[in-house]
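One-letter residues, chain by chain:
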Amino acid sequence: YLWSPPALWFLVCCLVLLLFQANNKKALLAGAVATILSMLILLWPMGLEKRIYSPYQLIQYTVSEKNLEISAAGLFYLRGIDLREDSIKKYNNPYFPIMKRYYELPYDVHPAFKSVLIVGSGAGNDVAAALRRGAESVDAIDIDPAIMELGRRHHPEQPYLDSRVTTGV
């Protein structure tokens, strides 16, 4: 619930264990040195990505002008991409039109819709596609609140901030 790093919990445990050494100054000093060394190792920078410890996994992310890239446990997980027409033209990425067709395929198959339920909405690409295609209401659900929050803050199209979108975890 606290979305805090493992180093915090190791520190709490080490401090509790140090209480058992309060009567022996040598053991207390050795324990304190071991705790400090452990914290330095655990907190050593692992990369340039920002990190979040969600209830489910370690999430690393980077934000650029054109996308949000998320890794889970060090492996690529998803990318929040701006697939609006003006952005596709601006960035001239040959894969963007393909991705746009991919995300908008359900609305080509079933064009008569008003409301959409998206289970596993992630950072918001599917939500953005539904909004671009004219959805009047979108219910977006994902198991990981941290990924939805990253989409809310950093997705280039800002789909979760649209008044037509309701989110749930």
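Residues numbered from 1 in each chain as written. Predicted model: local features only at pLDDT ≥ 70, side-chain atom pairs only at ≥ 80, totals over all residues. Heavy atoms only, no water.

Overview of the pairing of strand S5 (residues 115–119)
Each regular strand shows side chains that alternate between the opposite faces of the sheet. Here S5 shows a buried face lined by Val 116 and Ile 118 and an unburied face lined by Ser 115, Leu 117 and Val 119. Across 5 bridges, S5 lies against strand S6 (residues 137–141) in parallel orientation. Bridge pairing links Ser 115 to Ser 137 in S6. With helix H5 (residues 125–132) bridging S5 and the parallel S6, this β-α-β connection has right-handed handedness. (Buried < 20%, exposed > 50% of the residue type's maximum accessible area, 1.4 Å probe, protein only. Helix = DSSP H or I, 4+ residues; strand = E, 2+ residues; numbered from the N terminus. Pairing = 2+ DSSP bridges. Right-handed = clockwise from strand over helix to strand, strands pointing away.)

Observations regarding H5
Taking burial as the measure, the 8 residues of H5 include 6 buried ones, the bulk of the element. Within H5, the full set of buried residues consists of Asn 125, Val 127, Ala 128, Ala 129, Ala 130 and Leu 131. Contacts made by the buried residues of H5 are with strand S4 (75–81), helix H4 (95–109), S5, S6 and strand S7 (165–168). Count one or two residues on from H5 and you reach Gly 134, which has phi positive near 100°. (Contact = heavy atoms within 4.5 Å.)

Structural notes on the sheet that holds strand S3 (residues 67–72)
As summarised here, the arrangement of the 4 strands in space is S1-S2-S3-S4, forming an open sheet in which the pairing is antiparallel. The open sheet has two edge strands, strand S1 (50–53) and S4, and neither has a second partner. Each neighbouring strand pair of the sheet contributes to a mean axis angle of 25°, computed without reference to strand direction. As judged from the 5 bridges shared by strand S2 (residues 58–63) and S3, these two strands associate in the antiparallel manner. Bridging across to S3, Gln 60 finds its partner in Ser 71. (Axes fitted to C-alpha atoms, helices over the stretch in contact; angles between N-to-C directions.)

Considering the packing of aromatic side chains
Considering all chains together, one arrives at 2 aromatic pairs under this definition. Between Tyr 102 and Tyr 103 the ring centres are 5.1 Å apart and the planes differ by 80°, which places this aromatic pair in the edge-to-face class. Taking relative accessible area as the criterion, Tyr 103 reaches 16% and is therefore assigned buried. Between the aromatic rings of Tyr 107 and Phe 113, the centroid separation amounts to 4.9 Å while the plane-to-plane angle is 45°, which identifies the pairing as tilted. The same class applies to Tyr 107 and to Phe 113, which are both buried. Positioned above the aromatic ring of Tyr 160 is the side chain of Arg 152, whose terminal nitrogen or guanidinium carbon lies 5.8 Å from the ring centre. (Phe/Tyr/Trp six-rings, centres within 6.5 Å; stacked < 30°, edge-to-face > 60°. Lys NZ or Arg CZ within 6 Å of the ring centre and 35° of its normal.)

Description of the side chain of Asp 82
Mapping Asp 82 onto the fold places it in the loop between S4 and helix H3 (85–91). Looking at Asp 82, the relative accessible area reads 5%, which means it is buried. Here the side chain of Asp 82 touches Arg 84 through a polar contact of 2.7 Å, side chain to side chain. A distance of 2.7 Å separates polar atoms of two side chains, one belonging to Asp 82 and the other to Ser 87. What Asp 82 contacts, discounting residues up to four positions off in sequence, is Lys 66, Ser 87, Phe 96, Pro 156 and Glu 157. (Polar contact = N/O pair within 3.5 Å; in protein donor to acceptor, adjacent residues only side chain to side chain.)

Scope: geometric values only; no functional claims are made or implied.
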